[in-house]
Amino acid sequence: MKIKEMKKLTAHFDFYFKQTNSLVFHPTVEGGLHIDVLLYSPNEAYPFWKLVTMGASDYKMPAPKNAGFGNRNEYIMFVDKDEDLTNEETVIKYVKYLIEIGNFAYMEKTYITYAHSMEWQPYENEEMVGAFIEFPQVLDSIDSLHCKLGLFKTVTCLQVVLLTRQELDKLFEIGAEEFSYFLYPDSDDLPHFISELKRTEKF
């Protein structure tokens, strides 16, 4: 991703997250796209951590002709505020997941968009076995979904939610539309759109 594009993408998330205190991670990954990750701390508007890929959209996906959300994605993950993402060992685990998800379309030469999911073999002593691609419904404006980086390059900013085996099985059982309601219920039911490495009863 070009420096000019990075600045536009950062300004986009600064505006919609209502903060300007992001940190940038430049992890070294063998193979795949070069993807950096922006980390935003919990704030009053959105009291949870926000992590964002920066570089996944360098891959132009083979989108179908009727694709409604474009052919370039960046990905957002919302993480529980009680996770200590100032701890390098902890934050790198989330960064690792997000980069692998951001590379999925490129590695598989496929199209990823809202309501898609992916599954993997869990890492040792870790609960997460998959992810669901969602709209970042918690953000105030639907305009946050798209960011124009250039004349011919607009990216779709989608949320990823890490899933346990039980949650992934629930997704397969009820389908993507109902699972989206489960993540973002209309009622006062507990929301489930926050990612955790160890799923707690809070979500």
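Residues numbered from 1 in each chain as written. Predicted model: local features only at pLDDT ≥ 70, side-chain atom pairs only at ≥ 80, totals over all residues. Heavy atoms only, no water.

In this structure, what is going on with the environment of methionine 118? I would like to understand it.
Topologically, methionine 118 is positioned in strand β5 (residues 117–119). Among residues more than four places away in sequence, those in contact with methionine 118 are Ile101, Phe104, Ile112, Val129, Gly130, Ala131, Ile133 and Leu168. (Helix = DSSP H or I, 4+ residues; strand = E, 2+ residues; numbered from the N terminus. Contact = heavy atoms within 4.5 Å.)

How do you make sense of the pairing of strand β7 (residues 146–150) when you look at a structure like this?
Moving residue by residue along a regular strand, the side chains alternate between the two faces of the sheet. Bridge count between β7 and strand β8 (residues 153–163): 4 bridges; the pairing is antiparallel. Of the residues in β8, the one forming a bridge with glycine 150 is lysine 153. Taking the residues between adjacent antiparallel strands as the criterion, β7 and β8 are bridged by 2 residues. (Pairing = 2+ DSSP bridges.)

In this structure, what is going on with the pairing of β8? I would like to understand it.
Counted residue by residue, β8 has 10 buried out of 11 residues, so it is predominantly covered. Bridge analysis of strand β4 (residues 73–79) against β8 gives 4 bridges, and the strand direction is parallel. Opposite tyrosine 75, over in β8, you have leucine 158 as the bridge partner. The pairing of strand β6 (residues 130–134) with β8 spans 5 bridges and is antiparallel. Pairing of glutamate 134 across the sheet is with glutamine 159, part of β8. (Buried < 20%, exposed > 50% of the residue type's maximum accessible area, 1.4 Å probe, protein only.)

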